[in-house]
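What follows is each chain in one-letter form.
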6 protein chains.
Amino acid sequence: MRFDETYSGKVFIGSHPNYDESKAVLYGMPMDWTVSYRPGSRFGPNKIREVSIGLEEYSPYLDRELEDVRFFDAGDIPLPFGNPEKSLLEIETYVHTLLKDDKIPMGMGGEHLVSLPVMKAVASKYDDLAILHFDAHTDLRENYEGEEYSHSTPIRKIADHIGPANVYSFGIRSGMKEEFEWAKEQGMHISKFEVLEPLKEVLPTLEGRNIYVTIDMDVLDPAHAPGTGTVDAGGITSRELLASIHAIAASGVNVVGFDLVELAPVYDHSDQTANTASKLMREMILGWVK
Amino acid sequence: MRFDETYSGKVFIGSHPNYDESKAVLYGMPMDWTVSYRPGSRFGPNKIREVSIGLEEYSPYLDRELEDVRFFDAGDIPLPFGNPEKSLLEIETYVHTLLKDDKIPMGMGGEHLVSLPVMKAVASKYDDLAILHFDAHTDLRENYEGEEYSHSTPIRKIADHIGPANVYSFGIRSGMKEEFEWAKEQGMHISKFEVLEPLKEVLPTLEGRNIYVTIDMDVLDPAHAPGTGTVDAGGITSRELLASIHAIAASGVNVVGFDLVELAPVYDHSDQTANTASKLMREMILGWVK
Amino acid sequence: MRFDETYSGKVFIGSHPNYDESKAVLYGMPMDWTVSYRPGSRFGPNKIREVSIGLEEYSPYLDRELEDVRFFDAGDIPLPFGNPEKSLLEIETYVHTLLKDDKIPMGMGGEHLVSLPVMKAVASKYDDLAILHFDAHTDLRENYEGEEYSHSTPIRKIADHIGPANVYSFGIRSGMKEEFEWAKEQGMHISKFEVLEPLKEVLPTLEGRNIYVTIDMDVLDPAHAPGTGTVDAGGITSRELLASIHAIAASGVNVVGFDLVELAPVYDHSDQTANTASKLMREMILGWVK
Amino acid sequence: MRFDETYSGKVFIGSHPNYDESKAVLYGMPMDWTVSYRPGSRFGPNKIREVSIGLEEYSPYLDRELEDVRFFDAGDIPLPFGNPEKSLLEIETYVHTLLKDDKIPMGMGGEHLVSLPVMKAVASKYDDLAILHFDAHTDLRENYEGEEYSHSTPIRKIADHIGPANVYSFGIRSGMKEEFEWAKEQGMHISKFEVLEPLKEVLPTLEGRNIYVTIDMDVLDPAHAPGTGTVDAGGITSRELLASIHAIAASGVNVVGFDLVELAPVYDHSDQTANTASKLMREMILGWVK
Amino acid sequence: MRFDETYSGKVFIGSHPNYDESKAVLYGMPMDWTVSYRPGSRFGPNKIREVSIGLEEYSPYLDRELEDVRFFDAGDIPLPFGNPEKSLLEIETYVHTLLKDDKIPMGMGGEHLVSLPVMKAVASKYDDLAILHFDAHTDLRENYEGEEYSHSTPIRKIADHIGPANVYSFGIRSGMKEEFEWAKEQGMHISKFEVLEPLKEVLPTLEGRNIYVTIDMDVLDPAHAPGTGTVDAGGITSRELLASIHAIAASGVNVVGFDLVELAPVYDHSDQTANTASKLMREMILGWVK
Amino acid sequence: MRFDETYSGKVFIGSHPNYDESKAVLYGMPMDWTVSYRPGSRFGPNKIREVSIGLEEYSPYLDRELEDVRFFDAGDIPLPFGNPEKSLLEIETYVHTLLKDDKIPMGMGGEHLVSLPVMKAVASKYDDLAILHFDAHTDLRENYEGEEYSHSTPIRKIADHIGPANVYSFGIRSGMKEEFEWAKEQGMHISKFEVLEPLKEVLPTLEGRNIYVTIDMDVLDPAHAPGTGTVDAGGITSRELLASIHAIAASGVNVVGFDLVELAPVYDHSDQTANTASKLMREMILGWVK
Ligand SMILES: [Mn+2]
Ligand SMILES: [Mn+2]
Ligand SMILES: [Mn+2]
Ligand SMILES: [Mn+2]
Ligand SMILES: [Mn+2]
Ligand SMILES: [Mn+2]
Ligand SMILES: [Mn+2]
Ligand SMILES: [Mn+2]
Ligand SMILES: [Mn+2]
Ligand SMILES: [Mn+2]
Ligand SMILES: [Mn+2]
Ligand SMILES: [Mn+2]
């Protein structure tokens, strides 16, 4: 008796109504309580769903349609406002369940810190996990003004967890001197400023590996993604980010989970960034869930 | 396996998950194709749901909670873009179903023309129906530049249908000279500029009658409802409109259906008008569904 | 061969195409170069025209239609950017022409300083002129940080010119201590905070007098006129301002010219203030041009 | 007695006051009633005029000034709200008149469907007509949810009319699988993603042909044209679109008419997209009207 | 060598450069990490300072100038992002210092929770303290989804601390049923919906008492304060809030501290709410610091 | 007793508190009174400071931190509203003082005309001065509608002053035919459309020369800098402008002063352009102050 939700903007376009029959699960992580500059990404996941109805279900890049992939949209994980520790725990617990059910986790942030518990859960399943990280920022702080859990620390924490050599960052153009130095000393891969070219060099070396991909919307130039907490000039175009997604799809890596974070709708005039995030998500689903 | 939708903004807060057990049904009519000035109200219904999570479920005005009323949120009726006739037919058909199932129809617009098929359906069930109409505009044109179905004509059409003497308009401050004259000649009730005082005079005369209430958001002053297609200075406050809703609730009339129309989110900075629409809807549900 | 401009938004709705046959002339004074806080009112006049197409041509307040009044919309006076002296001179010269042709000048600002040359021109024609001034601000500074011609000085300059006792300010809620004291000493009328009540007391004393009315949009509360350079809380509603216009229309004064100034579209979300300014102008034309 | 309109923003900058002496005619088609996603392009044409005053009249790209081209700005064709069929008929009739008078039609939308009657009228004059179509979307649907006339169908309708082999689409990055397949089967030219390079390949093959060019603003990346109904990431820069206009100007084709559609000002913060549309129009006039 | 800051917007207009010579101290509490709906009030204090330069230093309501009151603007207390406990402790410690130095604390929020440590510090100095609380919301939750420190709990916590009978809430129009019941049972004063009239009744009963006043901007109607996290229709005008401030000033109570919270600039188009907050602060300083 | 200002947004991040110990001085020139199109750049300098707290103090491009450069932020020069002549004189006088004290002047506009007095002052100190000018516009008018001092004239005036052959403009894509012709005749260097490539050709020819650099934000494409008075499509990316700054840093020229002008925050949604301006300024300071 409820009208069909498929094109209502309440679920991601083309999602499947049944969890059990789905290969991948989309979920939101609506948390932004540790951001140091501009909050608002808690509203990101629902906005991505809302504008997804403006998309076609077919990708002319990949010649594939959403109905070719069974994925379930679970909605947003309920998270306790203002409590980062408990929030991270809720996320980690949820992703463990997905992994136990052999679903590919597809997350939507929220601030970047939400990726940490996901990556930890995924790492506990895949021994050989490597991380591909797209971002304007290093996110390699050990803590932020004394707070260990902050939107500036997730990549450092996961690098400490799975070994810095298994983490590959692309498009980085902002960070403290100490962060860049730490990465260098630890053998972590950082591509400053550039994305597609270094990615194409890295992918062949990861052939056959299990990979988690985390994309911070701010890897895009502010012209392409004004609707995020911390914009930083000199980034890449949405065209280059789409090409990067397609390069991963065409490579021999095995994507076992991914997320798209830091869309903050309140800074996004007329949903420009949201529409882009929504298209990126469609391409990731069509390109990476095989 | 889907997270609970109650506080997700995908359904109106406090709505009941089951149609059959519900006394009233909330539905959207996302149509704006006949507006002559600024379109955008097609996105109104979903926005009202989205911001409803900022509301408490309790009304200190009425001392009643949403869990005291069983209502179902059916989502938006799918309507064919750019085809007014077919759209109106779809709406009328749907409301007939609701009425057959003894549900109270609670509609969300969309442009004001969407109220016409609802009122026609309701009138076919209740012989003694009277209409209470809150609006800045007469909406009494016979046609608009030759088009019979236009956002400027719904009140005229329903007045022709059930008899002008059964239609009561409040807060009217804009219209053509001919419209005001027609109303006068036909014995239709129009309260120019004022709302609460004339309503309090009218209500006792309607005691025991079946009533449909249609509220155009633009009856509010632009200060209180900037997010609508045709703002018109000199309107009432949200406080007076709330008091009007409460006056109807406290009167002896029998509300058999109602709607709230013309919220146009794209003109509504930071959801000011949407939040107000959402609170008005809560008060209407709590006050009128008994 | 050009499509009819009447409903194009390029001229004020209902304006007459012929200057000679018109009794009154509407013109814009697109200047904002002396404002101390937020500029942008140079775009006010064209915006008022643009949104006027959302208005009905009939006023239910006055039971009169725009076709009952012949007025010509002359467009905006071209003014030299950044040169206040020359700009004021251009305005004064133009208004002298209008007065010579026995047209009622109806101006649209622009910053409030543009009213000064108009009032001076009008005063040169009418010996007994009184000024009705609606504003949040005194505008009684002798100079502003040394600059004699500033948006803070027009009322002082005209009071010095025609005598302070002939100037009546309403709604004033901001100014320097010295300005209020000067007004008191000089016998100038200032109604602090209030508008309609003191206006109703003043009007009978002006019966038969020639009157120029200057309305600064910021006399309205920021809720009713956010789109102006200097908003100031605690103002009146658009409803009270409409009633004030109607009170003047119903009184025995003879309005020989008027203006509406300080609409600054860039601060005006979705044209809320512009739509109000446009309706105010319609009521002034219908109520005052007899 | 009216101030000169040349720099008023009421007509396109540099336009000629006389129809008969003009070689080309600029006109608006303010219709958006069939759009499926976000309406608002009805206000596009007037906004392009309004911001054109921020342009210089000289193009350093083409070393030509607007005074070197005589074109008349006719204003907007009055169209019946909510009635697509009648609207298309009005447009077609008007363009037939222009063609009979040997004027080059230069249209401003409005949704893309407005181009269909123009192209049909032009095709009736020029037997060898080819269409150059710049867009993010195929616009090749046979109907949209049953509606034959929709913003998603104009290119299909004209391809059916003049033969698919005479239609060349550039920059396409969105559509249904069926649309791409239909185009392929029918021998219609579609350049996926790319614009300038394939255009440079196509132009020599069209040497001497009569050409109509239709540009949908959304061929630009959302970073360059946020102010349109359906933004789609991965588009081209305004620089590449300018270069494409100049490539056509430098080629041997004969442009017999053109349009620019889908500017929707309400989604356009601070007129960014409008200013770009206005500059594009200047370059098209200077480059193509010889 | 630095240009004078007085009119720079970096300090509140009219503030005194010297702490020791000042009677009162203005400070910001830029925290918003526990809000459940829309964050952003961390940027409130600096915005209030920034727009204060649009104010006159003289109040025509109180006939007093800012130079008549010596107050120091200390800037914003640095607070650890995402850590409510530590943040509250920092605030409490700072206010203890102010009180020890016999300064009147004048706070700017931030979310309403920041008032809790201030009120606790003030209560430790004044045994007979009463709280005047202006808000749309009860803020009387014992916890919010398990979190004890939340923007929904400060009034409950302080009522528990100093006794519910010493707390007076005005303008309340939103809350849970349980909160209203708790207040009733505990003998706490709640004025539902109304502000000025009940305040005038309460003030004489508090004559001679030491009073802390906390104003949540959302006590204002959304028309008057759109720029706040949780807008709620049916509130009061800025005019009534100004009159309430003046009523307190004219009464026999002794204001020993106060704050203004919940301005969230990102939701505030063109600084409308910020300008109002800034004027309210000027009136509080001029009216209450004697 | 005032909280540390370093991260308050009241001074540029990383600035030094002491003038005497500083090598360079940052100052604002908040003037926009001669602009012909859209005013608002008077608020540019404070906005650049405000958002600078979102920056890291380290540049991964230059491997240098702000603490390695001692620069003082002097605030904004107080300028008389609406009086261009006096304003320019104030600026020139101030910069003479800086130069006498051997400080490198680093200015923030304001409209581009503010650069003229700075360049004149710098030219009086350095005989061999060359100007590098980045802009969409020629700014070579002799006057603008009769006004000699206009935002369209600064480059012409300085070229007349130091000789056209010493002025190098990059990225120019708008101007009158006469301006381009004048530049050509006079031997002034103008790079139409392009920036980085011609700059790399010019820099070696300037080796050892004293250079003043003036950057108009509108040299960036509107996608990268929507927040400016006169946007013009077809510009460069922020990435290319950053690379240009780095190319100058790596060359053998001696930068003796520079400015960044025409940021107009009111047209800048969510501070996109401001954040870019702030990063550009950091790179200029780190790259050019040696
Ligand atoms: Mn990140
Ligand atoms: Mn980032
Ligand atoms: Mn209506
Ligand atoms: Mn209406
Ligand atoms: Mn004024
Ligand atoms: Mn004023
Ligand atoms: Mn199209
Ligand atoms: Mn398209
Ligand atoms: Mn509160
Ligand atoms: Mn509250
Ligand atoms: Mn310039
Ligand atoms: Mn420029």
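Residues numbered from 1 in each chain as written. Chains lettered and ligands numbered in written order. Predicted model: local features only at pLDDT ≥ 70, side-chain atom pairs only at ≥ 80, totals over all residues. Heavy atoms only, no water.

- Labelled according to an unreviewed UniProt entry, chain A appears under the name Agmatinase, originating from Metaplanococcus flavidus.

**Here's the deal with the environment of Trp288(F)**
Move 1: With respect to the helices and strands, the residue Trp288(F) is situated in helix 8 (residues 272-288).
Move 2: Along the sequence, Trp288(F) and Gly54(F) sit 234 residues apart, while their C-alpha atoms lie 22 Å from each other. (Helix = DSSP H or I, 4+ residues; strand = E, 2+ residues; numbered from the N terminus.)

**Brief notes about the interface of chain C and chain B**
Move 1: Tallying the contact residues gives 21 residues for chain C and 28 residues for chain B.
Move 2: Roughly 2,000 Å² is buried in total at the junction of chain C and chain B, and carbon and sulfur atoms are behind 50% of that figure.
Move 3: Connecting chain C to chain B are 3 salt bridges.
Move 4: For Lys279(C), the salt bridge goes to Asp232(B), with nearest N and O atoms at 2.6 Å.
Move 5: Summed over the shared surface of chain C and chain B, the number is 12 residue pairs in polar contact (both at pLDDT 80 or more).
Move 6: Contributions of two or more residues to the side of chain C that touches chain B are made by helix 7 (238-250) and helix 8 (272-288) of chain C.
Move 7: Element by element, the count of residues in the side of chain C that touches chain B is highest for helix 8 of chain C, at 4 residues. (Contact = heavy atoms within 4.5 Å. Buried area = accessible area lost by both parts, 1.4 Å probe. Salt bridge = Lys/Arg side-chain N within 4 Å of Asp/Glu carboxyl O. Polar contact = N/O pair within 3.5 Å; in protein donor to acceptor, adjacent residues only side chain to side chain.)

**Some thoughts on the coordination of the manganese ion (ligand 7)**
All names here are of chain D.
Move 1: The protein atoms that coordinate the manganese ion (ligand 7) are His-112 (ND1), Asp-135 (OD), Asp-139 (OD) and Asp-216 (OD), at distances of 2.1 to 2.2 Å.
Move 2: Going along the chain, you hit the donors of the manganese ion (ligand 7) in the pattern H-x22-D-x3-D-x76-D.
Move 3: The distance between the manganese ion (ligand 7) and the manganese ion (ligand 8) is 3.2 Å, with Asp-135 acting as a donor to both metals. (Donors = N, O, S within 2.8 Å, 3.2 Å for Na, K, Ca; no water.)

**A few points about helix 4 (residues 154-162) of chain C**
Residue and element names in this part refer to chain C.
Move 1: With 7 of 9 residues buried, helix 4 is to be regarded as a mostly interior element.
Move 2: When helix 4 is considered as a whole, its buried residues turn out to be Pro-154, Ile-155, Arg-156, Lys-157, Ile-158, Ala-159 and Ile-162.
Move 3: Turning to helix 4, the residues buried within the fold contact helix 3 (115-125), strand 6 (130-134), strand 7 (167-172), helix 5 (177-186) and strand 9 (210-216).
Move 4: Phi for Gly-163, located one or two positions after helix 4, is positive at around 95 degrees. (Buried < 20%, exposed > 50% of the residue type's maximum accessible area, 1.4 Å probe, protein only.)

**Quick notes on the sheet that holds strand 9 (residues 210-216) of chain E**
All names here are of chain E.
Move 1: Across the sheet, which stays open at both edges, the 8 strands sit in the order 4-1-5-10-9-6-7-8 with parallel pairing between neighbours. Where the open sheet ends on each side, the last strands, each with one partner, are strand 4 (71-76) and strand 8 (189-192). Going across the sheet, the axis of each strand differs from the next one's by a mean of 15 degrees, ignoring polarity.
Move 2: In the sheet, strand 9 pairs with strand 10 (residues 254-261) via 7 bridges, with the strands oriented parallel. If you follow Tyr-212 over to strand 10, its bridge partner there is Gly-257.
Move 3: Taken strand by strand, helix 2 (residues 84-100) contacts strand 1 (24-29), strand 4 and strand 5 (104-109), and its axis lies near 175 degrees from that of strand 1.
Move 4: Helix 3 (residues 115-125) contacts strand 1, strand 5, strand 6 (130-134), strand 9 and strand 10 of the sheet and is inclined by roughly 175 degrees relative to strand 9. (Pairing = 2+ DSSP bridges. Axes fitted to C-alpha atoms, helices over the stretch in contact; angles between N-to-C directions.)

**Here's the deal with the arrangement of the chains**
Move 1: The two units chain A and chain C remain apart, with a minimum C-alpha distance of 13 Å.
Move 2: For the non-touching pair chain D and chain E, the nearest C-alpha separation works out to 13 Å.

**Remarks on the interface of chain E and chain B**
Move 1: Between chain E and chain B, the contact holds 28 residues from the first and 21 residues from the second.
Move 2: For the pair chain E and chain B, the two sides together bury roughly 2,100 Å², of which 51% comes from carbon and sulfur.
Move 3: Per-residue buried area on chain E facing chain B is highest for Tyr37(E), Lys177(E) and Ala233(E); these three make up 26% of the total on that side.
Move 4: Taken together, chain E and chain B are joined by 3 salt bridges.
Move 5: Here Glu56(B) and Arg141(E) are joined by a salt bridge, their closest N and O atoms 3.1 Å apart.

**Remarks on a negative patch on the surface**
Move 1: A contiguous patch of negative charge, built from Asp63(A), Glu67(A), Asp68(A), Glu178(D), Glu181(D) and Glu185(D), is present on the exposed surface.
Move 2: Along the chain, Glu178(D) falls in helix 5 (residues 177-186).
Move 3: A relative accessible area of 44% means that Glu178(D) is categorised as partly exposed. (Patch = residues over 30% accessible without salt bridge, like charges linked within 9 Å, V, L, I, M, F, W, Y side chains within 5 Å. Areas by Shrake-Rupley, 256 points an atom, 1.4 Å probe, with all protein chains shown as cover. Lys, Arg positive; Asp, Glu negative; His and termini not counted. Charge placed at Lys NZ, Arg CZ, Asp CG, Glu CD.)

**Some remarks on the relation of the copies chain C and chain B**
Move 1: At an RMSD of 0.0 Å, chain C and chain B line up after a rotation of 120 degrees and a shift of 0.0 Å along the axis. The symmetry that links the two subunits is that of a three-fold axis. When C-alpha distances to the rotation axis are compared across chain C, the minimum falls at Ala223(C), with a value of 3.0 Å.
Move 2: Looking at the interface residues of chain C, only 10% of them are also at the interface in chain B, so each copy uses its own face. (Least-squares fit on C-alpha atoms with pLDDT ≥ 70 in both.)

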